[in-house]
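# Topology and contacts: notes
What follows is each chain in one-letter form.
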Amino acid sequence: MNKAENIATEIIATYHNILKDKVTFASFYLQELDGASAGNKDSKAWAESKGFHPSWYKGALNTDDESADNIQMAIALKVMNAKGNEKGGSARAKLKRDVVDLIYLWYNSGEMG
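This is a predicted model, so every value here is computed, not measured. (Residues numbered from 1 in each chain as written. Predicted model: local features only at pLDDT ≥ 70, side-chain atom pairs only at ≥ 80, totals over all residues. Heavy atoms only, no water.)

### Examining the packing of helix α1 (residues 3-19) against helix α5 (residues 66-80)
Put simply, α1 and α5 touch, their axes get as near as 11 Å, and they point 170° apart. Judged by the angle between their axes, α1 and α5 are roughly antiparallel. Mapping the contact onto sequence places Ile-7, Glu-10, Ile-11, Tyr-15, Ile-18 and Leu-19 in α1 and Ser-67, Asn-70, Ile-71, Ala-74, Ile-75, Lys-78 and Val-79 in α5. Looking at the contact of α1 with α5, its residues break down into nine nonpolar, two polar and two charged. (Axes fitted to C-alpha atoms, helices over the stretch in contact; angles between N-to-C directions. Helix = DSSP H or I, 4+ residues; strand = E, 2+ residues; numbered from the N terminus. Parallel < 35°, antiparallel > 145°, perpendicular 65-115°, else oblique. Contact = heavy atoms within 4.5 Å. Nonpolar A, V, L, I, M, F, W, Y, C, P; charged D, E, K, R; others polar.)

Spelled out as structure tokens, the structure:
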């Protein structure tokens, strides 16, 4: 497994009961898109590529969803502490996008739900 798969697997193992709730999952994902849309050019492009109108996710980080916030913080900490990922912000941002993509795919494929 690569770093993104390892982190995604750890997050799913810890937060599965929260992520399987569709409202919480949507809140988490929209928060990720909101954050990415304010990030570097690659993160902005990633958010735009997901096919959601920006009005769906703009301001999602300002919502009061503690469960989604906890998942987001857990991912951020795991990405920051990932071995070999000390090179800088753009490498960490890419790893975080990859982790979020994997979590999204797993929960929307029916494999993990």
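### Digging into the packing of aromatic side chains
Enumeration over the complete set of coordinates arrives at seven aromatic pairs. Geometrically, the ring pair formed by Phe-25 and Tyr-104 is tilted, given 6.1 Å between the ring centres and 35° between the ring planes. Of this pair, Phe-25 sits in helix α2 (residues 22-37) while Tyr-104 sits in helix α6 (residues 89-108), and the two are 79 residues apart along the sequence. Using a relative accessible area of 8% as the deciding quantity, one classes Phe-25 as buried. One aromatic cluster is present, built from ring pairs that chain together Phe-25, Phe-28, Tyr-29, Phe-52, Trp-56, Tyr-104 and Tyr-107. (Phe/Tyr/Trp six-rings, centres within 6.5 Å; stacked < 30°, edge-to-face > 60°. Buried < 20%, exposed > 50% of the residue type's maximum accessible area, 1.4 Å probe, protein only.)

### A word on the side chain of Ser-43
Along the chain, the position of Ser-43 falls in helix α3 (residues 41-49). If we ignore the near neighbours within four places in the chain, the residues touching Ser-43 are Ala-36, Ala-93 and Arg-97.

### Examining the pattern of salt bridges
Counted under the stated rule, the structure contains five salt bridges. In this structure, the salt-bridge partner of Asp-101 is Lys-50, at a minimum N-O distance of 2.9 Å. With a gap of 51 residues between them, Asp-101 in helix α6 and Lys-50 in the loop between α3 and α4 (54-57) connect regions that are remote in the sequence. Note that Lys-94 is salt-bridged to Asp-98, the shortest N-O span being 2.9 Å. With Lys-94 and Asp-98 both in helix α6 and four residues apart, the pair spans about one turn of that helix. Owing to a relative accessible area of 27%, Asp-98 belongs among the partly exposed residues under this scheme. (Salt bridge = Lys/Arg side-chain N within 4 Å of Asp/Glu carboxyl O.)

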